[in-house]
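Examination of the molecular architecture
The residues making up each chain are set out below.
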Number of protein chains: 2
Amino acid sequence: MDTLSATLSALADPTRRAILARLASGEASVSELAEPFDMSLVAVSKHLKVLEKAGLISKGREAQWRPCRLEPKPLRQVDDWLESYRQFWNDNLDRLEAYATLLQQGEVDEPSK
Amino acid sequence: MDTLSATLSALADPTRRAILARLASGEASVSELAEPFDMSLVAVSKHLKVLEKAGLISKGREAQWRPCRLEPKPLRQVDDWLESYRQFWNDNLDRLEAYATLLQQGEVDEPSK
DNA sequence: CCTATATTAAACCTATAAGTTAATTAACTT
DNA sequence: AAGTTAATTAACTTATAGGTTTAATATAGG
């Protein structure tokens, strides 16, 4: 699987996004990360492995803990991918805004009229 | 499934991203969209349904064709979600850049030395 | 050395994603 | 009316995602 697909696939799960959100405020161990969730620690450990394979997190080792930290690179790649579409949705927005302005100025009829 | 998860899940497939890329340059029918791919038209039709459910495309009807067009809203939502992390990876970048500058100025040793 | 804690590995279950082929629906064309 | 083109629906297969429980591994501390 290509890296962008792996990243987006990893990000598609709400548990994993919550984990990333938690890690955005600093490192945390596996059990710390698992605590908020209503699922087994093993399940969370698997989610972490998915995130790790996608390069979204990395794990260190401190005694028996594996402190996880967020890795920005894949997120930047998503951002880069989105770049191609930014132009597109800005165009659409511009068109909508221009249209809304025309409406306000009474220069066109509303569709429902 | 929440909408962000549906969007990211839809985007995680390279075929579907290729379809979106194609649609960024204008509307296209189902068969037109299917043409470049080495899979059945039915398979592509299913991909389109996934994209449609996620709100990433919409389908019109013109005679027997269903012209598809890109819808920007879910992509913007992804962009908004990324926003929270932009700060984070900029921080990291800044740190790296600052470090690189120090290296160039010979003010610190390289890790390997 | 023994035990508790942190994490991973193994084996398993179930639902669903992604593809197939064959059949169906709908609209245009002759 | 019959045939062609466009697309969807249905039924089916296979692989994988996401969860479980139980067992294994590694480290810390008395």
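Remember, it's a predicted structure, so these values are computed and weren't measured experimentally. Along every chain, residues carry numbers that run from 1 in the direction the sequence is written. Both sets of labels track the order of writing: A upward for chains, 1 upward for ligands. Predicted model: local features are reported for residues with pLDDT of at least 70 only, side-chain atom pairs are reported and counted for 80 or more only, and whole-chain, interface and lining totals are derived from all residues. Remark: hydrogens and water are excluded; side-chain values derive from all non-hydrogen atoms of the structure.

**Quick word on the environment of E71(B)**
All names here are of chain B. The helix and strand labels rest on DSSP assignments: H or I over at least four residues marks a helix, E over at least two residues marks a strand, and numbering proceeds from the N terminus. Looking at where E71 falls in the secondary structure, it is placed in the loop between β2 (68-70) and α5 (73-104). Taking the C-alpha atoms as reference points, E71 and A54, 17 residues apart in sequence, are found 9.8 Å from one another. The criterion used for residue contact is that any of the two residues' heavy atoms lie within 4.5 Å. Excluding its chain neighbours within four sequence positions, the residues that come into contact with E71 are G55, L56, I57 and S58. Identification of polar contacts relies on pairs of N or O atoms within 3.5 Å, with a donor-acceptor requirement for protein atoms, meaning one able to donate a hydrogen and the other able to accept it, and with residues adjacent in sequence counted only if both atoms are side-chain atoms. For E71, the side chain forms a polar contact with the side chain of R69, separated by 3.5 Å.

**Looking at the interface of chain A and chain B**
Counting from both sides, the interface comprises 26 residues of chain A and, opposite them, 26 residues of chain B. Together chain A and chain B conceal approximately 2400 Å² of surface at their shared face, both sides included; 72% is due to carbon and sulfur atoms. Computed with a 1.4 Å rolling probe, the buried area is the accessible surface lost when two parts are put together, summed over both parts. It is R17(A), Y85(A) and W89(A) in chain A that bury the most area against chain B; as a group they hold 24% of the surface buried on that side. We define a salt bridge as a contact between a side-chain nitrogen of Lys or Arg and a carboxyl oxygen of Asp or Glu at a distance within 4 Å. Where chain A touches chain B, the interface holds four salt bridges. Note that D2(A) and R17(B) form a salt bridge whose closest N and O atoms lie 2.9 Å from each other. The tally of links from chain A across to chain B stands at 10 residue pairs in polar contact (both at pLDDT 80 or more). Per-element tally for the side of chain A that touches chain B: the top contributor is helix α5 (residues 73-104) of chain A, with 12 residues. Under the convention adopted here, Pro, Cys and the residues Ala, Val, Leu, Ile, Met, Phe, Trp and Tyr are nonpolar, Asp, Glu, Lys and Arg are charged, and Gly plus all remaining residues are polar. Looking at side-chain class alone, the side of chain A that touches chain B contains 18 nonpolar, three polar and five charged residues.

**Looking at the protein's contact with DNA strand C**
Lining the immediate surroundings of DNA strand C are 22 residues, of which S31(A), S45(A), S40(B), K46(B) and H47(B) lie closest. Within 4 Å of the protein, the contacting atoms of DNA strand C are 67% sugar and phosphate, with bases supplying the remainder. Within the backbone of V30(A), an N or O atom sits 3.2 Å from a phosphate oxygen of DNA strand C. Contact between DNA strand C and K49(A): a phosphate oxygen at 2.8 Å from a side-chain N or O atom of the residue. Looking at the surface near DNA strand C, the elements that each hand over two or more residues are α3 (30-34) and α4 (41-53) of chain A together with α4 (41-53) of chain B. By convention in these notes, a residue is near a molecule or strand provided one of its non-hydrogen atoms lies within 4 Å of it.

**Looking at the relation of the copies chain A and chain B**
Turning chain A through 180° and shifting it by 0.0 Å along the axis lays it on chain B, with an RMSD of 0.1 Å. As the rotation angle and translation indicate, the two copies are arranged about a two-fold axis. With an isologous cut-off of 70% or more, the 100% of interface residues of chain A that recur at the interface of chain B puts this contact in the isologous class. Alignment of the copies relies on least squares applied to C-alpha atoms, considering only residues that score at least 70 for pLDDT in both.

**Quick word on the packing of helix α2 (residues 14-24) of chain B against α4(B)**
Residues and elements named next belong to chain B. Think of each axis as a best-fit line through the C-alpha atoms, taken over the contacting stretch in the case of a helix, with angles from 0 to 180 degrees between the N-to-C directions. One way to put it is that α2 packs onto α4 with a least axis distance of 10 Å and a crossing angle of 75°. Comparing the axis directions of α2 and α4 gives the class roughly perpendicular. In contact with T15, R16, I19 and L20 of α2, α4 contributes V44, H47, L48, V50 and L51. Among the residues forming the contact of α2 with α4, the class breakdown is six nonpolar, two polar and one charged. Throughout, the term roughly parallel applies to angles under 35 degrees, roughly antiparallel to angles over 145, roughly perpendicular to angles from 65 to 115, and oblique to all others.

**A look at the packing of aromatic side chains**
All names here are of chain A. For Phe, Tyr and Trp, rings pair up if their centres lie within 6.5 Å, where Trp contributes its six-membered ring, and each pair is then called stacked (planes under 30 degrees apart), edge-to-face (over 60) or tilted (otherwise). All chains considered together, the criterion is met by two aromatic pairs over all chains. A centroid spacing of 4.9 Å and a plane angle of 50° characterise the contact between W81 and Y85, whose relative ring orientation is tilted. Of this pair, W81 and Y85 both sit in helix α5, four residues apart, which is roughly one turn of the helix. Exposed residues in this analysis have more than 50% of their type's maximum accessible area, buried residues have under 20%, and partly exposed residues fall in between, with area computed by a 1.4 Å probe over protein chains only. Residue classification places W81 among the buried positions, given a relative accessible area of 14%. Using a relative accessible area of 3% as the deciding quantity, one classes Y85 as buried.

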